[in-house]
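# Residue-level structural notes
The lines below spell out each chain.
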Amino acid sequence: MQPRNSGLNSSALRGAVDLAAVKAAGEAAQKAEQARAERARQAAAAEADGIVPPTASYPLVLDVSEDTFEAEVVQRSAEVPVVVDFWAEWCGPCKQLSPILERLAEEYAGRIVLAKIDVDANQLIAQQFGIQGIPAVMAVVAGQLVPLFQGAENEANVRKIIDQLIAVAEQRFGIVGGAGAPEGQAPAAALPPEDPALAAAHDALDRGDLGGAVQAYRNVLADQPGNVEARLGLAQAQLLQRVEQLDPQAVRAAAADDPKNVAAQLDAADLDLVGGHVEDAFGRLVDTVGRTFGEDRDTARLRLLELFEVIGAEDPRVGAARTALARVLF
């Protein structure tokens, strides 16, 4: 997820970035908008004919296997954010977290769907998601992977993370769940409209107008310095702008030939991150900080902090890289 995706906070959908994600976000939002419009048209026609539309069109909590993953998670994520709970029967913390997730899925009345995956019975999915420990919770929105958190969390924190996921799913992808609400229970109230200046910045990024997106996000931050979503968008736009004209083969050759070539290492780290190789990007820059001094060291350190911003502070990969950075700095 990715998306503007991980370790979700209000600038969710961080995850590993790739160049196709910018285009995919716009396409997913357009498809979701078309689907919503069609559902609204059908509901209006049914009401005019005196027909009561069905309520629950999908379950709120479901067990998913390798055979059903594509339909129940990937395809469904075009209609509603799908929270994926990786668990196992022997996992003690899972037994504390899973009931919280199930209870919230029911409470949110169709704004999310909870997909439960037993890692023992579905080892291939766990490997594909890179699951190294459980409980682990991710989400899929419009087919984009969004890492949420790993390990047990209390209900208050889980609720905040889900609220942020729902907000970004609507704002960035136009996806609003609710079709699975149990009979007699209305979906949660719609979110307020997105700030027009921020929406314009997102639109520029979705169109691939990276220069325009950078300036638009800077404009938002000039008025709202604490806007985390704008800060994330700016970091992503700048990353994509940096790699747009790079020759990957030449960059990687230069980085391999001279580990002390800071510019080459920075470019290679950007390419690593855009390609989804988050740990490689972080490790490369940590090593560069460790082998350089003065201005070169500070340049590499600042670039690493920028990439942390793209991925998200709560992502465990960021925490591990911060620890590694501290070791080479001190």
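See the structure printed just above.
Described in the following lines is the structure provided in the data block. Note that the structure is a prediction, hence the values are computed from the model and not measured. (Residues numbered from 1 in each chain as written. Predicted model: local features only at pLDDT ≥ 70, side-chain atom pairs only at ≥ 80, totals over all residues. Heavy atoms only, no water.)

### Topic: the overall build of the protein
Looking only at helices and strands, one finds 13 helices and five strands in the protein. Per-residue burial over the protein gives 48% buried out of 330 residues. Summed over all atoms, the accessible surface of the protein reaches about 15,300 Å², with 53% contributed by carbon and sulfur. (Helix = DSSP H or I, 4+ residues; strand = E, 2+ residues; numbered from the N terminus. Buried < 20%, exposed > 50% of the residue type's maximum accessible area, 1.4 Å probe, protein only. Areas by Shrake-Rupley, 256 points an atom, 1.4 Å probe, with all protein chains shown as cover.)

### Concerning helix H3 (residues 92-107)
In this model H3 runs 24 Å from its N-terminal to its C-terminal C-alpha over 16 residues, within 8% of the 22 Å that 1.5 Å per residue would give. Taken as a whole, H3 has its buried residues at Cys94, Leu97, Ser98, Ile100, Leu101, Leu104 and Ala105. End-on, the buried residues of H3 take up no more than an arc of 165°, which puts them together on one face. Looking at H3, the residues exposed on the side facing more than 90 degrees away from the buried face are Lys95 and Gln96. In the stretch just after H3, alanine 109 is the one whose phi turns positive, near 50°. (Expected span 1.5 Å × (residues − 1). Arc of directions from axis to C-beta.)

### Re the environment of glutamine 241
By the element assignment, glutamine 241 lies in helix H8 (residues 228-243). For glutamine 241 and glycine 208, which are 33 residues apart along the polypeptide, the C-alpha to C-alpha distance reads 9.4 Å.

### Some details on the state of the cysteines
The final tally for this structure, using the stated rule, is one disulfide. Note that cysteine 91 is cross-linked by a disulfide to cysteine 94, the S-S spacing being 2.3 Å. Around the S-S axis, the bridge from cysteine 91 to cysteine 94 shows a dihedral of about 80° and counts as right-handed. (Disulfide = S-S within 2.5 Å.)

### Points about the pattern of salt bridges
The tally for this structure, following the rule as stated, stands at 16 salt bridges. For aspartate 85, the salt bridge identified is with lysine 116, shortest N-O distance 3.3 Å. Of this pair, aspartate 85 sits in strand E2 (residues 82-87) while lysine 116 sits in strand E3 (residues 113-118); the two residues are 31 residues apart in sequence, bridging distant segments of the chain. Owing to a relative accessible area of 0%, aspartate 85 belongs among the buried residues under this scheme. (Salt bridge = Lys/Arg side-chain N within 4 Å of Asp/Glu carboxyl O.)

### Describing helix H13 (residues 316-329)
Because each turn of an α-helix spans 3.6 residues, side chains separated by three or four positions in sequence point in the same direction. In a regular helix each residue adds 1.5 Å, so 14 residues correspond to 20 Å; H13 covers 20 Å between its end C-alpha atoms and thus fits that length. Among all positions in H13, only Val318, Ala321, Ala324 and Leu325 are buried. Taken down its axis, H13 places every buried residue within 125° of arc, on the same side. Opposite the packed face of H13, turned more than 90 degrees from it, sit the exposed residues Pro316 and Arg327.

### Observations regarding the side chain of threonine 288
Checked against the element boundaries, threonine 288 lands in helix H11 (residues 278-291). For threonine 288, a relative accessible area of 0% corresponds to the buried category.

### Remarks on the packing of aromatic side chains
Following the criterion strictly, the structure yields one aromatic pair and no others. With a centroid separation of 5.0 Å and 85° between ring planes, the pair formed by phenylalanine 282 and phenylalanine 308 is classed as edge-to-face. Taken together, the residues phenylalanine 282 in helix H11 and phenylalanine 308 in helix H12 (residues 294-311) connect sequence positions 26 residues apart. Overall, the relative accessible area of 3% leaves phenylalanine 282 in the buried class. (Phe/Tyr/Trp six-rings, centres within 6.5 Å; stacked < 30°, edge-to-face > 60°.)

### Description of the packing of helix H6 (residues 196-207) against H8
At their nearest, the axes of H6 and H8 sit 11 Å apart, and the two run at 20° to each other. It follows from the interaxial angle that H6 and H8 lie roughly parallel. Handedness of the H6/H8 crossing: left-handed. Of the residues in H8, those in contact with Leu198, His202 and Leu205 of H6 are Glu229, Ala230, Gly233, Gln236, Ala237 and Leu240. (Axes fitted to C-alpha atoms, helices over the stretch in contact; angles between N-to-C directions. Parallel < 35°, antiparallel > 145°, perpendicular 65-115°, else oblique. Left-handed = near helix turned anticlockwise from the far one by under 90°. Contact = heavy atoms within 4.5 Å.)

### Quick notes on the nonpolar core
Core analysis: the largest hydrophobic core is formed by 29 residues, its most contacted members being Leu239, Leu273, Phe282, Leu304, Leu307 and Ile311. Of all elements in the fold, only H8, helix H9 (248-257), helix H10 (262-274), H11, H12 and H13 reach the threshold of two or more residues within this core. A per-element tally of this core places H10 first, with eight residues. Listed in part, the 24 residues of the second largest apolar core include Val64, Val73, Ala115 and Ala136. (Core = buried A, V, L, I, M, F, W, Y, C linked by side-chain atoms within 4.5 Å.)

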